[in-house]
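Now for the letters of each chain:
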Amino acid sequence: MSCLFCRIVAGEVPATVVHETKTTLAFRDIQPKAPVHVLLIPREHVPNAVDLDGDQLGGLFAAAREVAAGEGVAESGYRLLFNTGPDSGQEVFHAHLHLLGGERLSRL
Ligand code: AMP
Ligand code: ZN
């Protein structure tokens, strides 16, 4: 299996998991860009966010709400971001939702 995030799902690559459901996994980004930087992924391999179906998207956003509460940023605010394709800088082609917070983030 060559996909890094599939290997994390399989337990073959270690990750600091902060939340999981039957269909999603959330773990800390290895190179955090903010004090709170969690990646939320579907367990199923889907290369890009735009290929996710409604149930998968709903599951990721429901998980994001719980992660934000668990990380203590539900009230202070946070950014949810999908990089999609080369010009976005996407590096891992297993769809993942970035959850960033814990400080005042730079304006987009
Ligand atoms: P993207 O640029 O949207 O594809 O984001 C990929 C993210 O995965 C980057 O923020 C990386 O720091 C992160 N990343 C890469 N390898 C790992 C890993 N083994 N565990 C956790 N996060 C990782
Ligand atoms: Zn994958």
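Whatever comes next refers back to the structure up there.
So, a few notes on the structure that sits alongside this text. (Residues numbered from 1 in each chain as written. Chains lettered and ligands numbered in written order. Predicted model: local features only at pLDDT ≥ 70, side-chain atom pairs only at ≥ 80, totals over all residues. Heavy atoms only, no water.)

### Brief notes about the coordination of the zinc ion (ligand 2)
1) Next: Around the zinc ion (ligand 2), the donor atoms from the protein are Cys3 (SG), Cys6 (SG), His45 (ND1) and His94 (ND1), and they sit 2.0 to 2.3 Å away.
2) Next: What the four donor atoms of the zinc ion (ligand 2) show is an angle range of 106 to 116° at the metal, which sorts the shape as tetrahedral.
3) Next: The exposure class assigned to His45 is partly exposed, which follows from its relative accessible area of 37%. (Donors = N, O, S within 2.8 Å, 3.2 Å for Na, K, Ca; no water. Tetrahedral: all angles 85-135°; square planar, octahedral: opposite > 155°, others 65-115°. Buried < 20%, exposed > 50% of the residue type's maximum accessible area, 1.4 Å probe, protein only.)

### A few points about the nonpolar core
1) Next: Val38, Leu40, Leu52, Val67 and Leu99 are the most contacted members of the largest nonpolar core, which totals 16 residues.
2) Next: Top contributing element to this core by residue count: helix α2 (residues 54-71), with five residues.
3) Next: Non-local contacts of Leu52, meaning those with residues more than four positions away in its chain, are made with Pro42, Val46, Leu57, Leu60, Phe82 and Ala95.
4) Next: Ranked by size, the runner-up nonpolar core spans ten residues in total, among them Ile8, Val13, Leu25 and Leu39. (Core = buried A, V, L, I, M, F, W, Y, C linked by side-chain atoms within 4.5 Å. Helix = DSSP H or I, 4+ residues; strand = E, 2+ residues; numbered from the N terminus. Contact = heavy atoms within 4.5 Å.)

### Quick look at the site of ligand 1
1) Next: Taken together, 17 residues surround ligand 1, and among them Asp29, Asn83, Glu91, His96 and His98 come closest.
2) Next: Measuring from an oxygen atom of ligand 1, one finds a side-chain N or O atom of Asn83 at 2.9 Å.
3) Next: At 2.7 Å, a side-chain N or O of His96 approaches an oxygen atom of ligand 1.
4) Next: Expressed as a share of its isolated accessible area of 500 Å², the protein-covered part of ligand 1 is 88%.
5) Next: If you list the elements that add at least two residues to the shell around ligand 1, you get α1 (4-9) and β2 (24-28).
6) Next: For the shell around ligand 1, the element with the highest residue contribution is α1, accounting for three residues. (Near = heavy atom within 4 Å. Polar contact = N/O pair within 3.5 Å; in protein donor to acceptor, adjacent residues only side chain to side chain. Areas by Shrake-Rupley, 256 points an atom, 1.4 Å probe, with all protein chains shown as cover.)

### Looking at the packing of aromatic side chains
1) Next: This model, assessed by the stated rule, comprises two aromatic pairs.
2) Next: Ring centres 5.3 Å apart and planes at 80° place the aromatic pair Phe5 and Phe27 in the edge-to-face group. Here Phe27 lies in strand β2 and Phe5 lies in helix α1, a separation of 22 residues in the sequence. Comparing Phe5 with Phe27, the two get one shared label, buried.
3) Next: Summarising the aromatic geometry, the rings of Phe61 and Phe82 are spaced 6.3 Å apart at their centres and angled 65° between planes, so their arrangement reads as edge-to-face. Of this pair, Phe61 sits in helix α2 while Phe82 is found in the loop between β4 (78-81) and β5 (97-101), placing the two residues 21 residues apart along the sequence. (Phe/Tyr/Trp six-rings, centres within 6.5 Å; stacked < 30°, edge-to-face > 60°.)

### Comments concerning the pattern of salt bridges
1) Next: The final tally for this structure, using the stated rule, is four salt bridges.
2) Next: Notably, a salt bridge pairs Arg43 with Glu20, separated by 2.9 Å at the nearest N-O pair. Pair noted here: Arg43 is in the loop between β3 (36-42) and α2 and Glu20 is in strand β1 (residues 17-20), with a separation of 23 residues, a long-range link.
3) Next: Taking the relative accessible area as the measure of exposure, Arg43 reaches 25% and is therefore partly exposed.
4) Next: Using a relative accessible area of 51% as the deciding quantity, one classes Glu20 as exposed.
5) Next: Where Asp29 meets Lys33, a salt bridge forms, and the shortest distance between an N and an O atom there is 3.8 Å.
6) Next: The class for Lys33 is exposed, based on a relative accessible area of 57%. (Salt bridge = Lys/Arg side-chain N within 4 Å of Asp/Glu carboxyl O.)

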